[in-house]
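Listed here are the chains, written in short residue letters.
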Amino acid sequence: MNIKAKELSKIYGRGENKVTALDKAEMEIRSGDFISIMGPSGSGKSTLLHLLSGLDHPTSGSLTYDGRELYGMSDRELSVFRRQRIGFIFQQFNLLPVLTAQENIAMPVLLDKKQPDMEYLGELAKLLGISERLTHLPHELSGGQQQRVAIARALIAKPDVIFADEPTGNLDSKSGGEVMEMLRNIREKMGKTLVIITHDIRIARMADRQFAIMDGVVTENTARN
Ligand code: ADP
Ligand code: MG
């Protein structure tokens, strides 16, 4: 899937309180790309990722997926499109506390009134090392395990692209390293597009294309050699 952002902007507030969180971002994401985006706190990273993934609405600009304008869709169309085509991984995992790991993973498919592919769910759990944890509630899992459940949830509907907003930001370096290793592995094995926000230069360098954001201005810094 080819994703194109053109002059994508987000402005919060007005008058003296006006904040340009994203300033005319231009990005083209091609199928299979592994992209990292780095920037200091408050630079607009989450705003950019939320806009690229249809989680939020821009103030102006355009975002197309294979030529189709995402923000031209109705809210209903957009939420179905997001559930089926886009996976999102949050820094804080965002699991539902009253559901087991397995129920959390299946949720995006159940919301579409479909039955989850249990064989695929089992494969994902195995790949992510959480097969023995599927009946546990989130609070019975470590941070690293919770994030691995969240990764399985992002993959269950077999989306083309995965967006991850500082996925290791709430983890110690060991579990963060494991989570990154799994994301890389999954991306390679399944041929997914991966767009990841990070504070960590080592993670940023794993990506094939590196972007930076500063005060809402996005630039590509991919080393060419
Ligand atoms: P980052 O993820 O890089 O830390 P964000 O995208 O969350 O940055 O925020 C970018 C800027 O937009 C910051 O100045 C932030 O305070 C502002 N901002 C983000 N969300 C809102 C909001 N809902 N209302 C007002 N300002 C916001
Ligand atoms: Mg953020």
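Residues numbered from 1 in each chain as written. Chains lettered and ligands numbered in written order. Predicted model: local features only at pLDDT ≥ 70, side-chain atom pairs only at ≥ 80, totals over all residues. Heavy atoms only, no water.

Asks: Looking at this structure, how should I read the overall build of the protein?
Replies: Looking only at helices and strands, the protein features 7 helices and 10 strands. Scaling as 2.2 N^0.38, a compact globule of 225 residues should have a C-alpha radius of gyration of about 17 Å, and the protein matches this with 17 Å. Projecting the C-alpha coordinates of the protein onto the three principal axes gives extents of approximately 50 × 40 × 40 Å. For the protein, the residues scored as buried account for 49% of the 225 residues in total. A separation of at least 24 residues holds for 70% of the contacts in the protein among residues at least 6 apart in sequence. For the protein, the distance from the average position of its 29 positive side-chain charges to the average position of its 29 negative side-chain charges is 2 Å. (Helix = DSSP H or I, 4+ residues; strand = E, 2+ residues; numbered from the N terminus. Rg over C-alpha atoms; globule rule 2.2 N^0.38 Å. Buried < 20%, exposed > 50% of the residue type's maximum accessible area, 1.4 Å probe, protein only. Contact = heavy atoms within 4.5 Å. Lys, Arg positive; Asp, Glu negative; His and termini not counted. Charge placed at Lys NZ, Arg CZ, Asp CG, Glu CD.)

Asks: Just to check I follow, could you spell out the site of ligand 1 for this structure?
Replies: Every residue near ligand 1 is listed here: Tyr12, Val19, Ala21, Pro40, Ser41, Gly42, Ser43, Gly44, Lys45, Ser46 and Thr47. Contacts to ligand 1 include Ser43, whose backbone N or O atom sits 3.2 Å from an oxygen atom. In the environment of ligand 1, an oxygen atom lies 2.9 Å from a nitrogen or oxygen atom belonging to the side chain of Ser46. Contributions of two or more residues to the shell around ligand 1 are made by strand E2 (19–29) and helix H1 (45–52). Considering every element that reaches the shell around ligand 1, the biggest residue donor is H1, with 3 residues. (Near = heavy atom within 4 Å. Polar contact = N/O pair within 3.5 Å; in protein donor to acceptor, adjacent residues only side chain to side chain.)

Asks: Just to check I follow, could you spell out the packing of helix H4 (residues 118–127) against helix H6 (residues 173–190) for this structure?
Replies: In helix packing, the relevant descriptors are the interaxial angle and the interaxial distance, both defined with respect to the helix axes. In the contact formed by H4 and H6, the axes pass within 11 Å of each other and the chain directions differ by 135°. Considered as vectors, H4 and H6 are oriented oblique to each other. Of H6, the residues touching H4 (which contributes Tyr120, Leu124 and Leu127) are Met182, Ile186, Lys189 and Met190. Looking at side-chain class alone, the contact of H4 with H6 contains 6 nonpolar, no polar and 1 charged residues. (Axes fitted to C-alpha atoms, helices over the stretch in contact; angles between N-to-C directions. Parallel < 35°, antiparallel > 145°, perpendicular 65-115°, else oblique. Nonpolar A, V, L, I, M, F, W, Y, C, P; charged D, E, K, R; others polar.)

Asks: Help me out: how do you make sense of the nonpolar core in this one?
Replies: Soluble, globular proteins show a tendency: their nonpolar side chains are buried together. Counting residues in each nonpolar core, the largest one holds 35 residues, and the members touching the most others are Ile105, Ile151 and Leu183. No other element matches the 6 residues that helix H5 (residues 143–155) contributes to this core. In this structure, Ile105 is in contact with Leu121, Ile130, Leu134, Val149, Ala152, Arg153 and Ile156, ignoring residues within four places of it in sequence. (Core = buried A, V, L, I, M, F, W, Y, C linked by side-chain atoms within 4.5 Å.)

Asks: Explanation requested: the pattern of salt bridges in the structure shown.
Replies: Think of it this way: side chains of opposite charge can pair up when their charged atoms draw near. Under the definition given, this model contains 11 salt bridges. In this structure, the salt-bridge partner of Asp160 is Arg85, at a minimum N-O distance of 2.9 Å. Taken together, the residues span a long stretch of sequence, with Asp160 in the loop between H5 and strand E7 (161–165) and Arg85 in helix H2 (residues 75–85) at a distance of 75 residues. Of the residues examined, Asp160 reaches a relative accessible area of 28% and is grouped as partly exposed. By relative accessible area, which is 29% here, Arg85 ends up partly exposed. Taking the shortest distance from any N to any O, the salt bridge between Asp200 and Arg202 comes out at 3.0 Å. (Salt bridge = Lys/Arg side-chain N within 4 Å of Asp/Glu carboxyl O.)

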